Amino acid sequence: MGWGNIYKRRMKVFTLTFLIYVDYKALQQREKLTRRSKRDGLWEKAHERNAKRVLKLIVELEGLWVKLGQYLSTRADVLPEAYIRLLRQLQDSLPPRDLEEVCSTIEKQLGKSMNDLFSNFVSVPLATASIAQVHRATLHDGQEVVVKVQHEGIKTIILEDLKNAKSIVDWIAWAEPQYDFNPMIDEWIREAPKELDFNHEAENTRKVSRNLGCKSEGHDKKPDHVDVLIPKVIQSTEKVLILEYMDGVRLNDSRALEELGVDKQKLVEEITRAYAHQIYVDGFFNGDPHPGNFLVSREPPHRPVLLDFGLTKLLSSSVKHALAKMFLAAAEGDHVALLSAFAEMGLKLRLDMPEQAMEITNVFFRATTPATEALETVKNLSEQREKNMKIIQEKMKLNKKEVKRFNPIDAFPGDIVIFSRVLNLLRGLSSSMNVRISYLNTMRPFAESVLKSDMNHGPSSNPKWVYDGPVHSDVEAKLRQFLVDLGNADRILGIQVCAYKDGKVIIDTAAGVLGKYDPRPVQPDSLFPVFSVSKGVTAGMVHWLVDKGKLKLDENVANVWPEFGTNGKDQIKVNHILNHTAGLHNALANISEEDPMLFCDWDECLKRIAMVAPETEPGREQLYHYLSYGWLCGGIIEHASGKKFQDVLEEAFVRPLNIEGELYIGIPPGVESRLATLTIDMNDLTRSAPKFDATRSSAISNALPSSFTFESVSSVIPLSNTLNVRRAILPAANGHFSARALARYYAALVDGGVVPPRHSSSSLPPLGSHPHRPMFPSKKTSINQKDRRKKDSSGSTSPDSDVYIRIPNTEDTSDEVDTKIFTNTKTKLHDAFMGSGDFEDLIFPGGRFGLGFRRVRTADGSVIGFGHSGLGGSTAYCDIHNRFAITVTLNKLSFGALTGEIIRFVCSELDLPVPEEYAGSRFAETPVIN
């Protein structure tokens, strides 16, 4: 093709694009001056004339534009009827190429004459498409075949058309910024040239056929088998492809399908299942499912025949999982999983809009509608888009001009462009055949299967089940093997264990996966919901304010929080709140019955808890304030400091301890991809359920309030996975911590507030390397990775008194400077935490709790430290006599059986006393609740 022809071709494309754009823009203005009754007629005439213009130019130019026309012809769900009716001609009825050209290409490519190759070659083509022409033929052995022959010079044309398409997309993005199709055209530029090599298509055909088991018969078929046919490859070269002939009728030949008695609904469902299998199970799929690429076999049961595998897409395992996760998140309305899936596949948004993201995703996977409902569908989608843009406008404080040019998507990964195209083509296919397909029902089994299959990969079959981090001591090496044994017994889904001894890290291990349907590995920076373990951090915040002189432990709460002193609460003191003796143990316990999301409203809950009345006299009885504790302490913290709860948390502990991004009470937007998802260990739950009610009357568990029932506890877990709950400020039960951040907190407390040496940088990603409050790249802000603070790291050496062997770390620690998060002495702090010494009068005698912390006792009743456990098995505590701190975080929740085994193992290896709640004999009798 000469430069003159290239220039003419380019000018024709650009001229038509501009002409159609101006036509519709002028019509928008003219519509305002036209009576409502005549407006529809104006639009129908405009669609008709512009569709004719598009068809005429496509037929003239051929090449890539034919593919675009074929794609548009399938979008009966969103395009006007005139475009569908006219462009449908492009699916298989382009003007044929000269037979002499076809034969010449065959002979050059195969190196033989036509007579040597075929006993019969039908001169009239079966079909002529954008890249090639297909003829029926017979080989000398009698086999019926089809011969696909590439058009002469089409490669030059396709490459030129791609450049022109890119220029048009750039212009549209400039003129109408909300319609930026650059990610789509960029992916097409990468993938389209592959269609020009028929050897590539031949291998794709074989691969898809193997994946779908098209040659399997009877008992060899798997449960997810799809009943489709794919022709066998006979021979291929770069420009010629010979396939077995399959007798069938075109998918768009309605009369023939009717005569054969084909069930269109069943037919399209099977095609959809075939693509679901390719995408979710195989991760390798045909990217061009327009009606011209299908036949329906004439012989019963009239199976679909899949053709043309020139354009295919290979997905990485991680992207395949992310797509499956996105699909199931949409089906379940799981906002956390959806945002996590976006992050995993590289889809980045410019603002936090989870509700809109879910809405758009549901539109993406919506059930198909017949072509007769296309106008209504377009109208509904347009209204939904306008509503979402208004929300964005308000959220971003944009004017009308700015919102028009604002694109909420910051990065659209190329991997999902072809995936999106396939779904749209399938939707158009369904619409054109006037059938309804529920994607959520049809595709769901395949999306679930890929995630479930990976869940079977425990340590025995997954060498990377334990995260590949540095081994800090021989104890950690033994612990990792112990965890592998537990994992092989299906006791662990995902876990983190971190421990400090004498101020230094001796264990920092992560293992397993992030969730039942999330096969990504647990890493040291993964965030686990830890329920009441949060109370230990919340209590620390109250003590930090006392240490700063902002508060006194024995003063009335009403002194700092005046609204609280109503309804008989004027004598409740700070120590009563911390010691669970305020008499407000059931306060707001039933708030979720009024509205499941009401307890996520921080300000409303503070207002309500300030108005409740106590059930018992302050200090008279210790009853566990399992939920109210958080609002009571949170209200004290905010009123005493004059600051927001999360700001105090960041100032008191997060920044001084260098644990940014790994210790939250209420997660910020942008961390969803690091969240572990909770599931229940049903075996442990079943075993523990009868014991639960029995423990309520025992001396050990008589601190439980009446509203703390087995039903209330077990119902909390599904709710805890929701985005609203995860983002809520619930200081009693909503901590999202990594084990290493939490262990560092307790390591500081055990040393009287002295900040331990910085965590080893060889444990990747480094502790504190995440921004604590991720920013969205909006029109005014962007993330600069270079501006993020980089943490130094320190190693450690073993003191002579260690009873374990430390693996040395050579990192320099000479620049470390001791800093403290508390100013009081270690002894005074420990006494305050445990309610001992000078603070003994501030707690309930013989109770389980000190001032905010659970008192850790040994089997003989000796108090050795403090900490807090959480529902489901996560725990954190420190042994003040042995300078030891340990944390365990889990996502397969139980009533403490697994946690007890791990604690006992570590303590045994270190020759340390085992806390009473995890000691063997007592542990076997009662579940660890909190």
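Nothing here was measured: the structure is a model prediction, and the numbers come from that model.

Enquirer: Describe in detail the overall build of the protein, supporting the description with residues and values.
Expert: Assigned secondary structure in the protein consists of 34 helices and 25 strands. The proportion of buried residues among the 930 residues of the protein is 57%. In the protein, once contacts between residues fewer than 6 apart in sequence are set aside, the share between residues at least 24 apart is 71%. Looking at the protein as shown, the accessible area adds up to about 39,000 Å², and 51% of this sits on carbon and sulfur atoms.

Enquirer: Would you mind going over the sheet that holds strand E20 (residues 735-737) in detail, with residue names and values included?
Expert: Taken together, the three strands give an open sheet; going across it, the order is E17-E20-E18, and neighbouring strands pair in antiparallel fashion. Single-partner strands in this sheet number two, and they are strand E17 (528-529) and strand E18 (663-665). Bridging between E17 and E20 involves two bridges; their strand directions are antiparallel. Across the sheet, the residue bridging to proline 529 is histidine 736, located in E20. Its contacts with the sheet put helix H21 (residues 534-547) on E18 and E20, and the angle it makes with E18 is roughly 90°.

Enquirer: So what about the environment of leucine 94? Which residues, and what values?
Expert: Among the secondary structure elements, leucine 94 is positioned in the loop between helix H4 (81-87) and helix H5 (99-110). Note: C-alpha distance between leucine 94 and serine 130 (36 residues apart in sequence) is 7.9 Å. Residue contacts for leucine 94: discarding those within four places in its chain leaves Val66, Thr128, Ala129 and Ser130.

Enquirer: Tell me about the nonpolar core, residues and numbers included.
Expert: Looking at soluble globular proteins, one finds that nonpolar side chains tend to be buried together. Core analysis: the largest hydrophobic core is formed by 96 residues, its most contacted members being Trp631, Phe653 and Tyr746. At 10 residues, the largest contribution of residues to this core is made by helix H31 (residues 739-750). Setting aside residues up to four positions removed in sequence, phenylalanine 653 forms contacts with Val537, Gly540, Met541, Trp544, Ile659, Tyr745, Ile821 and Phe822. Core analysis: the second largest hydrophobic core is formed by 78 residues, Leu339, Leu349, Met353 and Val435 among them.

Enquirer: Please set out the pairing of strand E6 (residues 240-244) residue by residue, giving values where relevant.
Expert: Of all the five residues making up E6, five are buried; the element is thus mostly covered by neighbouring parts of the structure. Note that strand E4 (residues 144-150) and E6 share five bridges and pair antiparallel. Pairing of valine 149 across the sheet is with valine 240, part of E6. Where strand E5 (residues 233-236) lies against E6, three bridges are found, and the strand directions are antiparallel. Pairing of glutamine 235 across the sheet is with isoleucine 242, part of E6. If you look at the hairpin formed by E5 and E6, you'll find three residues sitting between the two strands.

Enquirer: Tell me what's going on with the sheet that holds strand E16 (residues 518-521), and back it up with residues and numbers.
Expert: Read from one edge of the open sheet, seven strands run E16-E15-E14-E24-E23-E22-E21, paired in antiparallel fashion. Edge positions in the sheet fall to E16 and strand E21 (854-857), since each has one partner strand and no second. Direction aside, the axes of adjacent strands within the sheet are offset by 20° on average. Both E21 and strand E22 (residues 863-869) contribute to a ladder of four bridges, which runs antiparallel. Within the sheet, the bridge partner assigned to valine 856 lies in E22 and is glycine 865. Those strands touched by helix H20 (residues 474-488) are strand E14 (494-501) and strand E15 (504-515), and its axis lies near 20° from that of E15.

Enquirer: So what's going on with the pattern of salt bridges? Residues and values would help.
Expert: Going through the model one piece at a time under the given rule, you end up with 34 salt bridges. When the shortest N-O distance is used, the salt bridge between glutamate 203 and arginine 210 registers 3.7 Å. Note that arginine 444 is salt-bridged to glutamate 448, the shortest N-O span being 3.0 Å. Taken together, the residues arginine 444 and glutamate 448, both in helix H19 (residues 444-455) and four residues apart, mark about one turn of the helix. Several salt bridges share partner residues, and in doing so they unite Lys325, Glu344, Asp518 and Arg520 into one network.

Enquirer: Which residues make up the side chain of histidine 580, and what values go with them?
Expert: Assignment of secondary structure puts histidine 580 in the loop between helix H23 (574-578) and helix H24 (591-594). By relative accessible area, histidine 580 is classed as buried at 0%. Reaching out from histidine 580, the side chain makes a polar contact with the backbone nitrogen of histidine 625 at a distance of 2.9 Å. Non-local contacts of histidine 580, meaning those with residues more than four positions away in its chain, are made with Glu621, Gln622, Leu623, Tyr624, His625, Tyr629 and Phe849.

Enquirer: Lay out the environment of aspartate 490 with the relevant residues and their values.
Expert: Locating aspartate 490 in the fold gives a position in the loop between H20 and E14. Judged by relative accessible area, aspartate 490 falls into the exposed class, the value being 54%. Along the backbone, aspartate 490 and glycine 458 are 32 residues apart, and their C-alpha atoms lie at a distance of 7.7 Å.

Enquirer: Would you mind going over the confidence of the model for the protein in detail, with residue names and values included?
Expert: The pLDDT averaged across the protein works out to 84; a share of 85% of its residues lies at or above 70. Within the model, the stretch residues 779-817 combines pLDDT values under 50 with 69 contacts to residues more than four positions away or in other chains. Contacts of residues 921-929 to residues separated by more than four positions or lying in other chains number 28 contacts, the stretch itself having pLDDT below 50.

Enquirer: Which residues make up unusual backbone geometry, and what values go with them?
Expert: Note that the residue after proline 300, namely proline 301, is joined by a cis bond; omega there is 10°. If you trace the backbone, proline 301 turns up in the loop between strand E9 (294-297) and strand E10 (304-306). For the peptide bond that leads from leucine 764 to proline 765, omega is -10°, which places it in the cis range. With respect to the element layout, proline 765 can be found in the loop between H31 and helix H32 (826-834). At histidine 302, a residue that is not glycine, the phi angle is positive and equals roughly 55°. Relative to the elements of secondary structure, histidine 302 occurs in the loop between E9 and E10. Of note, the phi angle at histidine 580 is positive, near 60°, even though the residue is not glycine.

Enquirer: Any details on helix H11 (residues 264-282)? Residues and values, ideally.
Expert: If you check H11, its first and last C-alpha atoms are 26 Å apart, about what 19 residues at 1.5 Å a residue would give, namely 27 Å. Listed as buried for H11 are Leu267, Val268, Glu270, Ile271, Thr272, Ala274, Tyr275, Ala276, His277, Gln278, Ile279 and Tyr280. The distance from a side-chain oxygen at the start of H11 to the backbone nitrogen of glutamine 265 is 3.1 Å, and the residue carrying that oxygen is aspartate 263. Positive backbone phi, at 70°, marks glycine 283, one or two positions downstream of H11.

Enquirer: Before we move on, could you go through the packing of helix H12 (residues 317-332) against helix H14 (residues 354-364) and cite the residues and values that matter?
Expert: Relative orientation of the contacting elements H12 and H14 amounts to 105°, with a least axis distance of 9 Å. Taken together, the axes of H12 and H14 are roughly perpendicular relative to one another. Contacts from Met326, Ala329 and Ala330 in H12 reach Met358, Thr361, Asn362 and Phe364 in H14. Residues of the contact of H12 with H14, tallied by class, amount to five nonpolar, two polar and no charged.

Enquirer: Outline the packing of aromatic side chains, listing residues and values.
Expert: Pairs of aromatic rings are described using the distance from one ring centre to the other and the angle between the two planes. Tallied over the full model, the rule gives 20 aromatic pairs. For the ring pair tyrosine 745 and tyrosine 746, a centre distance of 5.1 Å and an interplane angle of 80° mean the geometry is edge-to-face. Within the aromatic cluster, the residues linked to one another by ring pairs are Phe653, Tyr745, Tyr746, Phe822, Phe833, Phe853 and Phe866. The ring of phenylalanine 198 carries lysine 148 above its face, with NZ or CZ at 5.2 Å from the centroid. Lysine 569 extends its terminal NZ or CZ atom over the ring of phenylalanine 564, reaching a point 5.0 Å from the ring centre.

Enquirer: Please set out the environment of glycine 565 residue by residue, giving values where relevant.
Expert: If you trace the backbone, glycine 565 turns up in the loop between helix H22 (557-560) and H23. The exposure class of glycine 565 is partly exposed, given its relative accessible area of 29%. Along the sequence, glycine 565 and alanine 613 sit 48 residues apart, while their C-alpha atoms lie 9.9 Å from each other. The contact partners of glycine 565, leaving out residues within four places of it in the chain, are Ala558 and Asp570.

Procedures and definitions
- Residues numbered from 1 in each chain as written.
- Predicted model: local features only at pLDDT ≥ 70, side-chain atom pairs only at ≥ 80, totals over all residues.
- Heavy atoms only, no water.
- Helix = DSSP H or I, 4+ residues; strand = E, 2+ residues; numbered from the N terminus.
- Buried < 20%, exposed > 50% of the residue type's maximum accessible area, 1.4 Å probe, protein only.
- Contact = heavy atoms within 4.5 Å.
- Areas by Shrake-Rupley, 256 points an atom, 1.4 Å probe, with all protein chains shown as cover.
- Pairing = 2+ DSSP bridges.
- Axes fitted to C-alpha atoms, helices over the stretch in contact; angles between N-to-C directions.
- Core = buried A, V, L, I, M, F, W, Y, C linked by side-chain atoms within 4.5 Å.
- Salt bridge = Lys/Arg side-chain N within 4 Å of Asp/Glu carboxyl O.
- Polar contact = N/O pair within 3.5 Å; in protein donor to acceptor, adjacent residues only side chain to side chain.
- pLDDT = per-residue confidence, 0-100.
- Expected span 1.5 Å × (residues − 1).
- Parallel < 35°, antiparallel > 145°, perpendicular 65-115°, else oblique.
- Nonpolar A, V, L, I, M, F, W, Y, C, P; charged D, E, K, R; others polar.
- Phe/Tyr/Trp six-rings, centres within 6.5 Å; stacked < 30°, edge-to-face > 60°.
- Lys NZ or Arg CZ within 6 Å of the ring centre and 35° of its normal.

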